[in-house]
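Residue-level structural notes
So you can see what is in the structure, the chains are spelled out below.
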Amino acid sequence: MNRNLINLIILWILSLVGISFYGGVLSYGIFFVLTMIPLISLLYILIVYFRFRIYQRLDAANLVCGHESEFYFTLQNEGPVGFFGVKVRFYSSFSTINGIDDGVEYELAPNTGIQKMTGLLCRYRGEYEVGIERVVISDHFRLFTISYRNREPLRVNVKPDLVTLNELKSADITLSAPREQMTNPIQPDILVREYVNGDDMRRINWKATASTGKLMVREYIGEERHGVGIILDPRRVNGNMHEYIPTESKVLETVLALAMFFCDRKTPVSVYSMSSALSEDDVAMGQKFEEFYEKMSGFMFRENADTDLMHSMMLQSGTVFCKKTVFMVSHTWDDANKGFAGALWESGIPVIAYIVGGVPNESDDGGASHWTVVRIGTDDDLTEVL
Amino acid sequence: MTGLAYELIYTIPTALTAGYMILNAAGYESSGFGFYGITVFFSLLCAFFFNFGKRGKAVMAGTAVSLAAGFMFLYDKEERLSILRDHIMILWVLLICILSYLMIKIIKRFHRLIQALGLCYAAFLVIMLITGNSLPKAVAAAAIFITAVSAAEEVQRRWKKEGYTESARHLVNAAPFILAVLIAAFSFDMPSKPYDWHIVRSIAEGVMRGYENICRAFMPPTGWDGEDTVIGFSERGALTGQVREDTYMAIEVSSDRRIDERLYFSGKTFDTFDGRNWEKVDAWDMDYQALDTVEILSAVLKETEEGEGIADYLKKAQAFVTYEGLNTHCMFIPQKTYKIMSERETYCTGGDRTYAGRRDKQYSVYFYQTNRSHPLFAKMVSDRTDIDRGTWNKALGKAGLLKDPNCTYDKYLQYLEHIEDVYAGDVTLSDEMRDHLAELFAGEDDDMRKLELIEKELSGMHYTDNPGAIPEDVDSAGEFLDYFVLEKREGFCTYFATAFVLLARSQGIPARYVQGYSKSVRDRKAFRVMSNDAHAWGEAYIEGVGWIPFEPTPGYKKDALWETADETSVSAEVALSANGMEGVSVSSDNEAEDKTGGGELGWQMVLIPTLSGLVFAGLFLAGDAIYRKRRYNKMSERGKIISVCRKGLVRLERAHGKREQGETLLEYRRRLGEDVPPESVRLIEIYEDISYSNKSFDDASEAERLLKITERYSRRKRFEGFINHFQRKT
């Protein structure tokens, strides 16, 4: 309780003592005045509540996570009475307002307004409210303070950030490089084996055959496989906005960062995700990547998304088995993901799982080199982690 | 315009209050709409004049000059002087308004002077209140208004804000609300008497009574003869060594007339004493009260020759008795009761009336007050003769008991015999006691006179609540008398009452020991009988008069005494002749206004409002704390951390001063440096991180821990600052 209110209560108690000993205009007048002050103050606060207006504006057409945008707000007094103490509090869970102190109080004369220009930084991708969250009103004697939510919050749709990775520390990119980069131009066929019935005659390596005296055929490493696959887990963490927005933002950022990394190196990238149906996006730099980025920006995670179904559809289509390496990006390293990773591994495809959030545990170790799990915090810098 | 309004806010109330005080002191009429209207008008004129530009000033000055010139030319000297004399007050008001305005013009430049003005008005209000000077509503409102606006201005001065914060503008915007407060407040009725808190008192008394009743139901008081000897009514007649007080309200009595005597409410009578305890043996079911009342009525009728002047001896009265904190079925009956009205059934046993089953909350008794101390009464007793049937029946008629079969003359004769049998028991006196009494009575033979001498001797002894236990070897009435009258000579009411009854019986006079309540009433119609009003006394029976109560306990005697009709007429005539109003008749039974309430609750007048206020403040604080706690618990972890960090910042600002304009948290943190604990620095860092960085914070417990340390530090720092300040002063 603030000091002014304590002083008022003390004076009011003294006025009670006063009217007990003294009658007349003065004693009762003081008592009634001290009694009416809180009532009139509350009435004043009601007036402010109904007459106070907030106008908010963002200059940027598109908001991108991690990039500051100009943000304007106006505190407007549309009433005939002065507003003696108005404070605004900003949303801070997913965004930050730079250049202005949250604790400043404003006084507005009748029919006047105060305009402020600041910078708005959205920390996560998603759709949420930014700007002014609450208004705090005080009366002229600072006896009472009420706080109420902004009746017209500013809702924005923030796109994920595009992080440029210079290197991928968490994965051996040689595994996913095209065949041409791996083979020695002088000796393109590194491995040979003995001829077995059914092998293609065109694959017979005559040199090796001559040197060994047996029919030898060429064996190409990864000949049927090319490019990388990125599997985006479409499941939502839970219904709590404070958990799923940061997680999903990081998941999408990771997917985009990986896709851009490999596209930069001209490695074919296919991104698997599922909305209503399984979708496979073959990503390349240029217009296709722009489209892919827009698609990822608007990607909807769902709590009831069925990853088992997605995995089984992927297994059925079989395109994922053509990848040299598969990256799984999810918020959980559960049995479903492990199972699918295991299936890929058995087909000879290394899997690197990027798990956003959660804590490392024993099951992260897939045993030998079944898979690699990399944990990413929701606020981690991808250039450091990936 | 803002400046003008600001000046008017201070000028008008100042002019009103100053004008009222000055003109009142000078003997002028300084209240009413005329005075207020003129004051406001002149204040506005002054303000406009000084705020107008040159043209405005010129117009106003020109108008004033023209008016003055016209006045000079239209009236001659005599008329001018006459008009000025008749309306000098207006000139005074004008002067006061100008001076007030000029004073405000100077004061408004310095906030200290504004503060001083506010404090002066606050002091003025307090002084006027304490000295009991009344003010008209408008003047009081004006004085309170100035105090309030100066307080508002001070609040504004200390309030760090951005925007339209200029002091004058703020006050002009705030003044309408302050004015609304005053209008609302002064529209209430303002009585000239202090508030009597009857609502709070009623509630408090009701709560206390309920609480006491519950306690009594579970732990009934045992009275002064129980194991735990507490002063209070008891249905047993044991004499104990000591008693202690335990005050609660026993019964409440209200009467239809003013009472100014010691009233005795008999609860239970006892007839047999074994040296240590009284017992009740008499189980006769006759209506003793009615018979006793008719007997005294008969005596008065005989004395007064057919009832002329009966009011000189007896006055009818009615009382309503309400049980409060008492857990008994005994009824408490005043002497000379002739009618008892209760809804539930009662019965008589040996002169005591008791509820048969569940008792009423309230009953009424009709009785006669006796003019006990008047010489007429003593003469009536000494002139007493046996009552004949005729007189008895007349008395029955007077009491309205003609049809009562329990009050016939034959019943009366049986009653006489019964009293003689039960209450005139032998008391064996020792030789020493006999000699003592012989010396006391000195040959006196009259029963009434003997009784008075006994009463006088006993009431001259020493009263104590702690006389000690009766010796083990005392086991008869005679031995008790030897112990108490000859040796101990001190005790409390049961001892004195017992001694009186035994001494009376030793002289052959029937007497009984009575326990009940005795209240000395000073000219009241309603009063509360408390537990420590419980009393024991003796009653002696004088044939032809009835039972007469005696008060042998030291310090208790106060009988009724009122003027007879003759005495009243004589004294009224003397008074009237002194005032030149002979021949006017005077009633001898004036009923003055009841002045109950008012002065009895001295210290409670402070305690009740203070406690009420403290209770209200406590409830408000508790509610506020609960609301804040719940709001805090509903916040997200991030929200909690932000809230905690802000609180920590406020604590640090209290200890080290606020952040300067534009100072960032980082700069503030560096400025505080090593003066503050590292935990407080960490708290500011967390606040910075959470406000400006992308770090996530999932747990508020660490911040809460840091806040506690910061709060402790802040309190210590402020306390040290206060001590240092005080030491510097001294």
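Residues numbered from 1 in each chain as written. Chains lettered and ligands numbered in written order. Predicted model: local features only at pLDDT ≥ 70, side-chain atom pairs only at ≥ 80, totals over all residues. Heavy atoms only, no water.

**Let's talk about the overall build of chain A**
- What chain A contains, in helices and strands, is 9 helices and 19 strands.
- In chain A, buried positions account for 53% of the 386 residues.
- Counted over contacts in chain A with a minimum sequence separation of 6, partners at least 24 positions apart contribute 69%.
- With an accessible surface of roughly 17,300 Å², chain A has 53% of that area assigned to carbon and sulfur atoms. (Helix = DSSP H or I, 4+ residues; strand = E, 2+ residues; numbered from the N terminus. Buried < 20%, exposed > 50% of the residue type's maximum accessible area, 1.4 Å probe, protein only. Contact = heavy atoms within 4.5 Å. Areas by Shrake-Rupley, 256 points an atom, 1.4 Å probe, with all protein chains shown as cover.)

**Here's the deal with the environment of A:Pro160**
Residue and element names in this part refer to chain A.
- Mapped onto the secondary structure, Pro160 falls in the loop between strand S11 (154-159) and helix H3 (179-182).
- For Pro160, a relative accessible area of 0% gives the class buried.
- Taking the C-alpha atoms as reference points, Pro160 and Cys65, separated by 95 residues in sequence, lie 5.3 Å from one another.
- Excluding residues within four positions of it along the chain, Pro160 makes contact with Val64, Cys65, Arg125, Leu252, Glu253, Leu256, Tyr293 and Ser297.

**As for the interface of chain A and chain B**
- Listed as interface residues are 61 residues of chain A and, on the opposing side, 65 residues of chain B.
- For the pair chain A and chain B, the two sides together bury roughly 5,200 Å², of which 69% comes from carbon and sulfur.
- Applying the counting rule to chain A against chain B returns 2 salt bridges.
- Inspection of the chain A/chain B interface yields 15 residue pairs in polar contact (both at pLDDT 80 or more).
- Within the residue set of the side of chain A that touches chain B, elements represented by two or more residues are helix H1 (3-21), helix H2 (25-51), strand S4 (83-90), strand S5 (95-98), strand S6 (105-108) and strand S7 (113-122) of chain A.
- Examining the composition of the side of chain A that touches chain B, we find that 13 residues originate from one element, H2(A), more than from any other.
- The residue makeup of the side of chain A that touches chain B, split by class, is 34 nonpolar, 17 polar and 10 charged. (Buried area = accessible area lost by both parts, 1.4 Å probe. Salt bridge = Lys/Arg side-chain N within 4 Å of Asp/Glu carboxyl O. Polar contact = N/O pair within 3.5 Å; in protein donor to acceptor, adjacent residues only side chain to side chain. Nonpolar A, V, L, I, M, F, W, Y, C, P; charged D, E, K, R; others polar.)

**A look at the environment of A:Asn337**
All names here are of chain A.
- Mapped onto the elements, Asn337 comes out in helix H8 (residues 335-346).
- Separated by 30 residues in sequence, Asn337 and Thr307 place their C-alpha atoms 8.1 Å apart.
- Those residues in contact with Asn337 that sit more than four places away from it in its chain are Asp233, Arg235, His311, Met328, Ser330 and Thr332.
- At 3.3 Å, the side chain of Asn337 forms a polar contact with the side chain of Ser330.

**Topic: the confidence of the model for chain B**
Residue and element names in this part refer to chain B.
- In this model, chain B carries an average pLDDT of 81, and 86% of its residues clear a pLDDT of 70 or more.
- Summarising per-element confidence for chain B, the mean pLDDT is lowest in helix H18 (residues 565-578) (51) and highest in helix H17 (residues 493-506) (94).
- Contacts from residues 222-228, a stretch scored under 50 in pLDDT, to residues over four places away or in other chains number 29 contacts.
- Across residues 571-601, confidence stays below pLDDT 50; counting only partners more than four residues off in sequence or on other chains, it has 18 contacts. (pLDDT = per-residue confidence, 0-100.)

**Thoughts on a positive patch on the surface**
- Where like charges cluster on the molecular surface, the positive patch consists of A:Arg3, B:Lys160, B:Arg654, B:Lys658 and B:Arg718.
- If you trace the backbone, B:Arg654 turns up in helix H20 (residues 637-656). (Patch = residues over 30% accessible without salt bridge, like charges linked within 9 Å, V, L, I, M, F, W, Y side chains within 5 Å. Lys, Arg positive; Asp, Glu negative; His and termini not counted. Charge placed at Lys NZ, Arg CZ, Asp CG, Glu CD.)

**Regarding the pattern of salt bridges**
- Evaluated as defined, the whole model comprises 40 salt bridges over all chains.
- A salt bridge links A:Glu294 to A:Lys159; the shortest N-O distance between them is 3.2 Å. Of this pair, A:Glu294 sits in helix H6 (residues 287-297) while A:Lys159 is found in strand S11, placing the two residues 135 residues apart along the sequence.
- A:Lys159 sits in the buried class, given a relative accessible area of 15%.
- Note that B:Asp360 is salt-bridged to B:Arg344, the shortest N-O span being 3.6 Å. Of this pair, B:Asp360 sits in the loop between strand S11 (352-355) and strand S12 (362-370) while B:Arg344 sits in the loop between strand S9 (337-341) and strand S10 (346-349); the two residues are 16 residues apart in sequence, bridging distant segments of the chain.
- Taking the relative accessible area as the measure of exposure, B:Asp360 reaches 4% and is therefore buried.
- Connected via shared salt-bridge partners are B:Arg669, B:Arg682, B:Glu685 and B:Glu688.

**Regarding the pairing of strand S17 (residues 325-330) of chain A**
Residue and element names in this part refer to chain A.
- In terms of burial, S17 is a largely internal element, 6 of the 6 residues being buried.
- Neither face of S17 is left uncovered, since the one carrying Thr325, Phe327 and Val329 and the one carrying Val326, Met328 and Ser330 both have all their residues buried.
- In this sheet, strand S18 (residues 351-356) lies alongside S17 in parallel orientation, the contact comprising 5 bridges. Looking at the pairing, Phe327 lines up with Ile352 of S18.
- As a crossover connection, the stretch from S17 through H8 into S18 is right-handed. (Pairing = 2+ DSSP bridges. Right-handed = clockwise from strand over helix to strand, strands pointing away.)

**Points about empty space enclosed by the protein**
Residue and element names in this part refer to chain B.
- By the definition in use, this model includes 5 cavities of 30 Å³ or more.
- Quantified by volume, the second largest cavity comes out at close to 150 Å³.
- As for the second largest cavity, its lining consists of 14 residues, of which Gln289, Pro334, Gln335, Arg512 and Glu539 are closest to the centre.
- Of all the elements in the fold, those that place two or more residues in the lining of the second largest cavity are strand S4 (262-270), helix H10 (288-304) and strand S8 (333-334).
- The greatest single-element share of the lining of the second largest cavity, amounting to 3 residues, is contributed by H10. (1 Å grid on protein atoms, 1.4 Å probe; cavity = no way out; pocket = protein on both sides within 12 Å on 5 of 7 lines; lining within 4 Å. Points joined across faces, edges and corners; volume = space filled by probe spheres on them.)

**Details of helix H13 (residues 409-423) of chain B**
- With 15 residues, H13(B) ought to run about 21 Å at 1.5 Å a step, and its terminal C-alpha atoms sit 21 Å apart, in line with that.
- Within H13(B), the full set of buried residues consists of B:Tyr409, B:Tyr412, B:Tyr415, B:Leu416, B:His418, B:Ile419 and B:Tyr423. (Expected span 1.5 Å × (residues − 1).)

**Overview of helix H1 (residues 2-25) of chain B**
Residue and element names in this part refer to chain B.
- An ideal rise of 1.5 Å per residue puts 34 Å on 24 residues; H1 measures up with 35 Å between its terminal C-alpha atoms.
- At Leu8, H1 is deflected by roughly 25 degrees, the largest bend along its length.
- Directly after H1, the chain includes Gly27, whose backbone phi takes a positive value near 90 degrees. (Bend = angle between axes of the 7 residues up to and from the residue.)

**Here's the deal with the pairing of strand S8 (residues 126-130) of chain A**
Residues and elements named next belong to chain A.
- On S8, burial follows the alternation: Gly126, Tyr128 and Val130 on one face are buried, whereas Glu127 and Glu129 on the facing-out side are not.
- Judged from the 5 bridges that link them, S8 and S11 form a sheet pairing that is antiparallel. Each bridged residue has a counterpart across the sheet, and for Glu127 the counterpart in S11 is Asn157.

**A few points about the packing of helix H7 (residues 137-157) of chain B against helix H8 (residues 167-186) of chain B**
Residues and elements named next belong to chain B.
- Close contact between H7 and H8 brings their axes to 9 Å; oriented N to C, the two are set at 140 degrees. The way H7 lies across H8 gives a crossing that is right-handed. Facing H7, whose interface residues are Lys137, Ala140, Ala141, Ile144, Phe145, Ala148, Val149, Ala152, Glu153 and Gln156, H8 presents Ser167, His170, Leu171, Ala175, Ile178, Leu179, Leu182 and Phe186.
- When grouped by side-chain class, the residues that make up the contact of H7 with H8 number 13 nonpolar, 3 polar and 2 charged. (Axes fitted to C-alpha atoms, helices over the stretch in contact; angles between N-to-C directions. Left-handed = near helix turned anticlockwise from the far one by under 90°.)

**Focus: the packing of helix H16 (residues 477-488) of chain B against H17(B)**
All names here are of chain B.
- Contact geometry of H16 with H17 gives a least axis separation of 10 Å together with a crossing angle of 125 degrees. In terms of orientation, H16 lies oblique with respect to H17. Both H16 and H17 take part in a crossing whose hand is left-handed. In this structure, H16 uses Ala477, Phe480, Leu481, Phe484 and Val485 to contact H17, whose residues at the interface are Tyr495, Phe496, Thr498, Ala499, Leu502 and Leu503.
- For the contact of H16 with H17, the class distribution of residues is 10 nonpolar, 1 polar and no charged. (Parallel < 35°, antiparallel > 145°, perpendicular 65-115°, else oblique.)

**Some remarks on the sheet that holds strand S2 (residues 63-64) of chain A**
All names here are of chain A.
- What the 3 strands build is an open sheet, ordered S2-S11-S8; its pairing is mixed. A strand with exactly one partner marks an edge of an open sheet, and here the two such strands are S2 and S8.
- As paired strands, S2 and S11 are joined by 2 bridges and run parallel to one another. Bridging across to S11, Val64 finds its partner in Lys159.

**Let's talk about a negative patch on the surface**
Residue and element names in this part refer to chain B.
- Residues Asp274, Glu279, Glu472, Asp473, Asp475, Glu479 and Glu487 make up a contiguous surface patch of negative charge.
- Examined against the element boundaries, Asp473 turns out to sit in the loop between strand S13 (462-463) and H16.
- Judged by relative accessible area, which is 57%, Asp473 ranks as exposed.

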